[in-house]
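Residues per chain, in single letters:
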Amino acid sequence: MRVAILLLLSVISLPVFAVGYAASIEQSKWELEASKFSCRLSQRIPLFGEGEFNHEAGETVRFILKPKQGHGLKGSAQLLEEASPWQPGTPTRQIGKVTFASNGTIAVPTGYSQQMLASLFRGRKPTFLAQNWADTGESVRIGLSAANFSPAYAAYSDCITELLPVNYRQIARTAVLFPSAQWKLSDSTKARLDLIAIYVNNDDSVNSVYVDGHSDAQGRRLANRDLSKKRAEVVTAYLEKKGINPDLITTRYHGERYPVAQKSNRATQVRSRRVTIRLDRD
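Residues numbered from 1 in each chain as written. Predicted model: local features only at pLDDT ≥ 70, side-chain atom pairs only at ≥ 80, totals over all residues. Heavy atoms only, no water.

Peer 1: Just to check I follow, could you spell out the packing of aromatic side chains for this structure?
Peer 2: Given two aromatic rings, their pairing is described by the distance between the two centres and the angle made by the two planes. Summed over all chains, the structure comprises 10 aromatic pairs. Pairing tyrosine 21 with phenylalanine 48 gives two aromatic rings, centres 5.4 Å apart and planes at 45 degrees, and the pair type is tilted. With tyrosine 21 in strand S1 (residues 18-21) and phenylalanine 48 in the loop between strand S3 (38-45) and strand S4 (49-56), the pair connects residues that are 27 residues apart, well separated along the chain. This pair shows no difference in class: tyrosine 21 is buried, exactly as phenylalanine 48 is. Among the aromatic residues, ring-to-ring pairing joins Trp30, Phe53, Phe63, Phe121, Phe128, Phe149, Tyr153 and Tyr156 into one connected group. Positioned over the ring face of tryptophan 183 is lysine 230, at 4.3 Å from the centre of the ring. Lying across the ring of tyrosine 168, arginine 281 places its NZ or CZ 3.7 Å from the centre. (Phe/Tyr/Trp six-rings, centres within 6.5 Å; stacked < 30°, edge-to-face > 60°. Helix = DSSP H or I, 4+ residues; strand = E, 2+ residues; numbered from the N terminus. Buried < 20%, exposed > 50% of the residue type's maximum accessible area, 1.4 Å probe, protein only. Lys NZ or Arg CZ within 6 Å of the ring centre and 35° of its normal.)

Peer 1: Sorry if this is basic, but what is going on with the confidence of the model for the protein chain here?
Peer 2: Caution applies to low-pLDDT regions: their predicted coordinates should not be interpreted in detail. On average, the protein chain scores 91 in pLDDT, and the residues at 70 or more come to 91%. Within the model, the stretch residues 1-16 combines pLDDT values under 50 with 3 contacts to residues more than four positions away or in other chains. (pLDDT = per-residue confidence, 0-100. Contact = heavy atoms within 4.5 Å.)

Peer 1: Sorry if this is basic, but what is going on with the state of the cysteines here?
Peer 2: Here, disulfide denotes a covalent bond that connects the sulfur atoms of two cysteines. Tallied over the full model, the rule gives 1 disulfide. Sulfur-sulfur distance for the disulfide between cysteine 39 and cysteine 159 comes to 1.9 Å. Here the disulfide of cysteine 39 and cysteine 159 is left-handed, its torsion about the S-S bond being about -95 degrees. With cysteine 39 in strand S3 and cysteine 159 in helix H3 (residues 149-161), this residue pair connects regions lying 120 residues apart in the sequence. On the accessibility criterion, cysteine 39 (0% relative accessible area) is buried. For cysteine 159, a relative accessible area of 7% puts it in the buried group. (Disulfide = S-S within 2.5 Å.)

Here it is, written out as structure tokens:
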């Protein structure tokens, strides 16, 4: 009886088993997908899935951990900076706390993602430590290997310098405003139109650019229609001057017909004096 009790106590006192996923030095490969629109630096994590740093044009870098289905990851995890096998004695440092999405992925905030890149550059191992994995009481560690990282990071850095200043989501729907009774382009409007032109001239999938002029409801209706026409035409002329193919552009003008809100007040009037630019692509 005494022996049975001692055996039971020894089982209870055993540490919780930790499952670990990480590429070995031999398995560690970093792959770069580079374009003017995004730079994607990824590593396959054997038996687990993939981790990727994604730097999209006009955005900051984000790291995404992508497990295969069936890992049962949920809740939160600690994001750590651990020593690589060739760095004995280097202490572990906590970067922060992150949360699993319903599908088991983790989208790491930009600040933490930048710290992860810095850790890898120093040869360290960014690691996710999750407790109570799949409700089993086990913990799981998912790490990135810094082996072979330096040359891939150099190519990644070069890719970032070649990114466009904006991405499609940021300029696909744009509105530029005008002072009352005016249609001259301001410097800030020109700067915005410059970004649109840069993007359209680099993305062959953009097949249509719709330019729509509007006015507020102050003054005579015919005068407002003429004003919205002048605003639309000056925007179109500027975009064509910046190299956009005129065949892509459809120019329309609507006067006061489409205010930004039904409530008539000063704010509505200001926002209604506008030209909208909408991009469509294949």
